[in-house]
Amino acid sequence: STYPTIASISPLSGVSTAPVSFTLTGTKLPTGSTVTLKLAGQADIVATNVVSSGGNTTLDATFDLTGAAAGNWYLVVIAPNGKIATQPAGFTITP
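Here the residue index of a chain counts from 1 through its sequence in written order. Local features are withheld for residues below a pLDDT of 70 in this predicted model, meaning they are given only at 70 or higher, and side-chain atom pairs are given and counted only at 80 or more; totals for whole chains, interfaces and linings count all residues. The basis for every side-chain value is the complete set of heavy atoms in the structure, and neither hydrogens nor water enter the calculation.

**Structural notes on the sheet that holds strand E5 (residues 45-46)**
Definition in use: At least two bridges found by DSSP between two strands are what make those strands a pair. Helix numbers and strand numbers start at the N terminus; a helix is a DSSP run of H or I with at least 4 residues, a strand a run of E with at least 2.
Spatially, the 5 strands line up as an open sheet ordered E2-E9-E8-E4-E5, and their pairing is mixed. A strand with exactly one partner marks an edge of an open sheet, and here the two such strands are strand E2 (13-15) and E5. Across 3 bridges, E2 lies against strand E9 (residues 84-94) in parallel orientation. Following the sheet pairing, Val-15 is matched in E9 by Thr-94.

In structure tokens form, the structure reads like this:
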């Protein structure tokens, strides 16, 4: 399969008052991948400073959660080839 996969993200949550750096592991996560948090009715939160390592098995990046709505957000990875992996309730934002 040419689709990326999400195995885990650490940490699993962050507070809505600050940026959070995270490590996402899986497969087919090359340089140029985008990582986004999505929640119905809210603006997407797109990760910045995304760096791929470990033979395309790890993405390190930062979400700016400042002012974000609390809840269980979808975690979405889009590979450079346009293939998408989605993990429902993949990341939790707390007040």
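That was the structure; now back to the text.
**Brief notes about the side chain of Ser-16**
Going by this rule: Partly exposed describes any residue whose relative accessible area lies between the buried limit of under 20% and the exposed limit of over 50%, with all areas from a 1.4 Å probe on protein chains only and scaled to the type maximum. Any pair of residues with heavy atoms lying within 4.5 Å of one another is described as a contacting pair.
Locating Ser-16 in the fold gives a position in the loop between E2 and strand E3 (19-27). Judged by relative accessible area, Ser-16 falls into the buried class, the value being 15%. In contact with Ser-16, not counting residues within four places along its chain, are Leu-65, Thr-66, Gly-67, Ala-68, Ile-93, Thr-94 and Pro-95.

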